[in-house]
Amino acid sequence: MRDANTFDDFYRSTSGRALRYGRAVAGDAGEAPDLVQEAYARAWRQWGKLAAHPAPEAWLRLVINRLATDRWRRLRGWRLAASRTGPPDDVGPPGEDTVLLVGALRQLPARHRQALALHYLLDLSVDEIAREAGVPAGTVKSWLSRGRTRLAELLPGVAAEELEVNDVA
């Protein structure tokens, strides 16, 4: 049976050392807290047995070490894959149209923006969006219509008719 008080005492007395150890074995001060947190989570799950262990802090360090080793293996795999494929192609800056569209979308209410994105970017039907949002299909049609109308107002040189699509049903 797990005893929260004894685990709390264990945590308070060992956490500073565990974090320092995690930094050393991970070689990354940003990764160390995640390793140590996972090690303590595993210790808590097994605290009933671990509390009787002759050296629970050594067990904790072993878990931190294994987690760090797993991390290094994953990173090595990523590095190997990147060395085979080479660096990704450079992505140029966004075009003027993209900047204008994103700026206009940010001015829409969240529901209108969500409906437009689901419909036009993910090709979801009105009924699918309605099910996902938990609203009637008519509400989704209204969001799409109002969103397109507002976008036409916000985008210079774009008429509302250009944003209308006949497949709103």
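Residues numbered from 1 in each chain as written. Predicted model: local features only at pLDDT ≥ 70, side-chain atom pairs only at ≥ 80, totals over all residues. Heavy atoms only, no water.

Listing the buried residues of helix α7 (residues 126-133) in full gives Val126, Ile129, Ala130 and Ala133. Take α7 and look down its axis: the buried residues cluster within an arc of 100°, on one side only. Opposite its buried face, α7 presents the exposed residues Arg131 and Glu132, each directed more than 90 degrees away. Buried residues along α7 sit against α6 (110-121) and α8 (137-154). Gly134, located one to two residues past α7, shows a positive phi value of around 70°. (Buried < 20%, exposed > 50% of the residue type's maximum accessible area, 1.4 Å probe, protein only. Helix = DSSP H or I, 4+ residues; strand = E, 2+ residues; numbered from the N terminus. Arc of directions from axis to C-beta. Contact = heavy atoms within 4.5 Å.)

Attention shifts here to the packing of α7 against α8. The interhelical angle for the contact between α7 and α8, taken along N-to-C directions, is 105°, at an axis separation of 8 Å. Our classification of the angle between α7 and α8 gives roughly perpendicular. Here Val126, Asp127, Ile129, Ala130 and Ala133 of α7 come into contact with α8, specifically with Ala137, Val140, Lys141, Trp143 and Leu144. For the contact of α7 with α8, the residue count by class is eight nonpolar, no polar and two charged. (Axes fitted to C-alpha atoms, helices over the stretch in contact; angles between N-to-C directions. Parallel < 35°, antiparallel > 145°, perpendicular 65-115°, else oblique. Nonpolar A, V, L, I, M, F, W, Y, C, P; charged D, E, K, R; others polar.)

Before going further, it helps to spend a moment on a nonpolar patch on the surface. On the surface, Tyr120, Leu121 and Leu122 cluster together into a nonpolar patch covering about 330 Å² of accessible area. Summarising the element assignment, Tyr120 is placed in helix α6. (Patch = residues over 30% accessible without salt bridge, like charges linked within 9 Å, V, L, I, M, F, W, Y side chains within 5 Å. Areas by Shrake-Rupley, 256 points an atom, 1.4 Å probe, with all protein chains shown as cover. Salt bridge = Lys/Arg side-chain N within 4 Å of Asp/Glu carboxyl O.)

It is worth spelling out the pattern of salt bridges at this point. A complete count under the given rule lists nine salt bridges for this structure. When the shortest N-O distance is used, the salt bridge between Asp9 and Arg12 registers 3.1 Å. Of this pair, Asp9 and Arg12 both sit in helix α1 (residues 4-26), three residues apart, which is roughly one turn of that helix. Among the residues examined, Asp9 registers a relative accessible area of 44% and is labelled partly exposed. Residue Glu31 pairs with Arg71 through a salt bridge whose shortest N-O separation is 3.4 Å. Of the two residues, Glu31 sits in the loop between α1 and α2 (32-45) while Arg71 sits in helix α4 (residues 56-85), which places them 40 residues apart along the sequence. For Arg71, a relative accessible area of 11% corresponds to the buried category. Residues joined by salt bridges that share partners form a network here, namely Arg17, Glu57 and Arg61.

Scope: geometric values only; no functional claims are made or implied.
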